[in-house]
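# Observations on chain architecture
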Amino acid sequence: MKWARYLTLSLLAIGATLLIIFLRFYQLGQIPYGINVDEASYGYDAYSLLQTRADMWGEQSTSLKSFGDYKPAGLSYTIRPLINYFGLTTFTTRLPSAVFGLLTLVATFYFIKHLLGSVSLAFIGSIILALSPWHFGLSRLFYEPNLGLFFISTSLLAQVKYLQKPSNIKYLILASLLTAVGGYYYAVLRYLGVGMLGVSVLIAHFPHYPKILKFGFIAAVCWAVTALPYFGDMFGSRGLVRLQQETALHTFGDALVINENREMCYTSSAHNPVITKYCYLLWNKPGEKLVNTAKTYVQLLSPKYLFLNGYQKDVLPESYGAYLEILIPFYLLGLFYLTANLGKKKEHLFILISYLLANIPVALAGALNIHRNVVGLYLVLIICIYGIYYFNDRINGINSKLAKFIIIALLTLTYLWSQSRYLAKYFFVYTRMQPEIWLADTPDIMKWLGANSHGRGIIFYDFDFAPLLYSFYNQYDPHDFQQQAVWSTLNQYGWTHLNSIGTIVENNSNIWQAICDHQNNSSASKLLVVAGSKSEWGSAVAAQFKNYTGIHVLHEVYDSQTLYNYLKAKDAPNLAEQCSQLIIK
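Residues numbered from 1 in each chain as written. Predicted model: local features only at pLDDT ≥ 70, side-chain atom pairs only at ≥ 80, totals over all residues. Heavy atoms only, no water.

## Examining the overall build of the protein chain
- The number of helices and strands found in the protein chain is 26 helices and 9 strands.
- Along the longest, intermediate and shortest principal axes, the C-alpha atoms of the protein chain span 90 × 75 × 50 Å.
- Counting every position in the protein chain, which comprises 585 residues, the buried fraction comes to 50%.
- Looking at the protein chain alone, contacts between residues at least 24 apart form 74% of all its contacts between residues at least 6 apart.
- Just so you have it, the protein chain exposes about 27200 Å², and 63% of that area is on carbon and sulfur atoms. (Helix = DSSP H or I, 4+ residues; strand = E, 2+ residues; numbered from the N terminus. Buried < 20%, exposed > 50% of the residue type's maximum accessible area, 1.4 Å probe, protein only. Contact = heavy atoms within 4.5 Å. Areas by Shrake-Rupley, 256 points an atom, 1.4 Å probe, with all protein chains shown as cover.)

## Quick notes on the pairing of strand β5 (residues 498-501)
- Bridging between strand β4 (residues 485-487) and β5 involves 3 bridges; their strand directions are antiparallel. Paired with Val486 across the bridge in β5 is Ser500.
- The antiparallel hairpin formed by β5 and strand β6 (residues 504-506) contains 2 residues in its connecting segment, where Gly502 sits at a positive phi of about 60°. (Pairing = 2+ DSSP bridges.)

## Quick word on the side chain of Asn369
- Mapped onto the elements of the fold, Asn369 is located in the loop between α18 (360-365) and α19 (374-395).
- Since its relative accessible area comes to 16%, Asn369 is described here as buried.
- At 2.4 Å, the side chain of Asn369 and the side chain of Arg372 are in polar contact.
- Once residues lying within four places of it in the same chain are set aside, the contact partners of Asn369 are Tyr305, Gln312 and Val362. (Polar contact = N/O pair within 3.5 Å; in protein donor to acceptor, adjacent residues only side chain to side chain.)

## With respect to empty space enclosed by the protein
- Summed over the entire model, instances satisfying the criterion amount to 1 cavity of 30 Å³ or more.
- Estimates place the volume of the largest cavity at around 30 Å³.
- Taken together, Val188, Leu189, Leu192, Ala358, Val362, Arg372, Asn373, Val374, Val375 and Gly376 form the lining of the largest cavity.
- Elements with a contribution of two residues or more to the lining of the largest cavity: α9 (187-205) and α19.
- Residue composition of the lining of the largest cavity, grouped by class: 7 nonpolar, 2 polar and 1 charged. (1 Å grid on protein atoms, 1.4 Å probe; cavity = no way out; pocket = protein on both sides within 12 Å on 5 of 7 lines; lining within 4 Å. Points joined across faces, edges and corners; volume = space filled by probe spheres on them. Nonpolar A, V, L, I, M, F, W, Y, C, P; charged D, E, K, R; others polar.)

## Re the pattern of salt bridges
- All told, the structure shown has 4 salt bridges when counted by the stated rule.
- Measuring nitrogen to oxygen at the nearest pair gives 3.3 Å for the salt bridge that ties Asp38 to Lys71. Of the two residues, Asp38 sits in helix α2 (residues 37-52) while Lys71 sits in strand β2 (residues 71-72), which places them 33 residues apart along the sequence.
- Here Asp69 ties to Lys71 by a salt bridge, and the two come within 3.0 Å at their closest N and O atoms.
- Owing to a relative accessible area of 4%, Lys71 belongs among the buried residues under this scheme.
- Via salt bridges that share partners, Asp38, Asp69 and Lys71 belong to a single interconnected network. (Salt bridge = Lys/Arg side-chain N within 4 Å of Asp/Glu carboxyl O.)

## Some thoughts on a nonpolar patch on the surface
- Among the surface-exposed residues, Leu402, Phe405, Ile406 and Leu410 lie close enough to one another that they form a single nonpolar patch of about 430 Å² accessible area.
- Here Leu402 lies in helix α20 (residues 401-433). (Patch = residues over 30% accessible without salt bridge, like charges linked within 9 Å, V, L, I, M, F, W, Y side chains within 5 Å.)

## Section: the pairing of strand β8 (residues 541-546)
- As defined by bridge partners, β8 adjoins strand β9 (residues 553-559) across 5 bridges and the pair is classed as antiparallel. When the bridges of β9 are listed, Val541 appears paired with Tyr558.
- Hairpin connection between β8 and β9: a loop of 6 residues separates the two successive antiparallel strands, and Gly550 in this loop has a positive phi of roughly 80°.

## Considering unusual backbone geometry
- Here the residue pair Ile31 and Pro32 is connected by a cis peptide bond, since its omega of 0° sits within 30 degrees of zero.
- Take Pro32: it is sitting in the loop between α1 (2-25) and α2.
- Each neighbour pair has its own omega, and for Phe206 with Pro207 the value is 5°, a cis peptide bond.
- By secondary structure assignment, the location of Pro207 is in the loop between α9 and α10 (209-234).
- In the Ramachandran plot, Arg53 falls in the positive-phi region, its phi being about 65° despite a non-glycine side chain.
- Even without glycine at this site, Phe465 takes up a positive phi of about 65°.

## Observations regarding the packing of aromatic side chains
- In this structure the tally under the stated criterion is 39 aromatic pairs.
- Where Phe100 meets Tyr185, the ring centres are 6.2 Å apart and the plane angle is 50°; that geometry is what we call tilted. With Phe100 in helix α4 (residues 90-116) and Tyr185 in the loop between α8 (169-182) and α9, this residue pair connects regions lying 85 residues apart in the sequence.
- We classify Tyr185 as buried; its relative accessible area is 9%.
- Here the aromatic rings of Phe330 and Phe391 are separated by 5.4 Å at their centres, their planes lie at 85°, and the arrangement is edge-to-face. You can see Phe330 sitting in helix α16 (residues 328-340) and its partner Phe391 sitting in helix α19, a full 61 residues away along the chain.
- Phe330 gets classed as buried once you look at its relative accessible area, which sits at 9%. (Phe/Tyr/Trp six-rings, centres within 6.5 Å; stacked < 30°, edge-to-face > 60°.)

## Examining the environment of Asn272
- For Asn272, the location among the structural elements is in the loop between α12 (254-268) and α13 (273-282).
- Given a relative accessible area of 28%, Asn272 falls into the partly exposed group.
- Considering only alpha carbons, one finds Asn272 and Thr549, 277 residues apart in sequence, at a separation of 64 Å.

## Considering the layout of surface pockets
- Roughly 1800 Å³ of volume is contained in the largest pocket.
- Every residue lining the largest pocket is counted, 44 residues in all, and those nearest its centre are Ser120, Leu121, Phe123, Ile124 and Ile127.
- Of all the elements in the fold, those that place two or more residues in the lining of the largest pocket are α1, α4, α5 (119-131), α19 and α20.
- Looking at the lining of the largest pocket, the element that brings in the most residues is α1, giving 11 residues.
- Looking at the lining of the largest pocket residue by residue, the class counts come to 34 nonpolar, 9 polar and 1 charged.

Honestly, it's all geometry; don't read function into it.
Structure follows, in structure tokens:
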């Protein structure tokens, strides 16, 4: 009978593995249909690196200037060789995340197996991660932290092995190397990875300070040698620019809140100088930053964020957290188990401290983003598995086999039902109903323009990042791009914007400008992309682009000469008035 049970379990494991691979790679380049602007940026930088050995700005560095945020270049360098085989497509930009996401599942299996000595729990943990809304969603998009997570997860395994055998230095060296490699993909992992290495060395040898210094030095050297190309960026403006940008964005308006509270305090206290000074002490920028960071940090640990609402629309469907809500009790049980058994195993303390540490960078940025919190969310899985381990240990004390069977069957069926609902929501509802999140009609628009512009200039109205998106889908020559690109000056948050490349222009001003150019210039001939449908110009449209239903028009393309002639024939006096008003303005 044992061989039959083994065969059944093996077939189930193989079937589950094949299903996971299928779901993660099924129509990878088409679902979600469209593209993320950062995805286009990474992809075109990879294309530029392939063609010119420099990024789209013409620079060679471990950081990509991109929109002024200096992204780590690891993802673009990973995409670069794939373009030779698959071309510059969304499939190509998403493939690294999908592959590394799959490798993370393998690392997770061995990590849990090593922690708890259970193949069953290791397999359950891998399945939960594989189909969890956050990891499944990230692995079907381009997100660079997903690649870095693979190296961090394998580093965590090496660090736990080192904790269990501190004399075996090879695991510490391996963990240091893997942590450093993860930093090539996501800047946060550079700082977080170093912190976690320091924690593991401290826990392994405490309170023997000479050993802490010795092994800490070894880890630092191994990490620094591997991280040398980006080491300088960590302590310069490039390494911290994204954190500064996000902090500025999310603290916008804090000054107004501070001033309002101070003013009310001053007024309501009848201009009392003592109370006014006290209120100034209570409301100030450092204090507001501290309060907001603390609030964000607590939210990151909360079941609401983790299991009910993850707040990132391009990764999670509405009303979904990073994990399915059925895991809430196991998360709480896992925290209880690890806290209650801190002194029994060093890895328990390491996991809890690493979890608390992993949420700090996200809290400092002030936003509940999923993709910035990959390490924290990964450790939530480990905590949940400890909760399942503890729960299983408790129900094993139940004498009734029937009662145990009913409990496990109900939990399994509830999980399968919840998981099926999520997958159906993802493929048939979520990725279809919100075209604005992924710019769903962008591939069709840009390919149509590439095939039909015939050398004419293109003006995009109310279409953000259009020149870059056009360059991505039409493989615009990177040599020409680097020479012709016109970027905006840095805005208040430190971001820049691509205004044009050659005759391809993004213009968010009055659309009548291009139409009225024909009144004084008969040779003016340009294509217009209009945000939304101009129903009153319907018969002059050159192309329409609709949502998945084929009913709602998202964008329309016009030939400006044809549109000018149409409007002139339809209502010449009104056209003349519109153009005269434009001239006056």
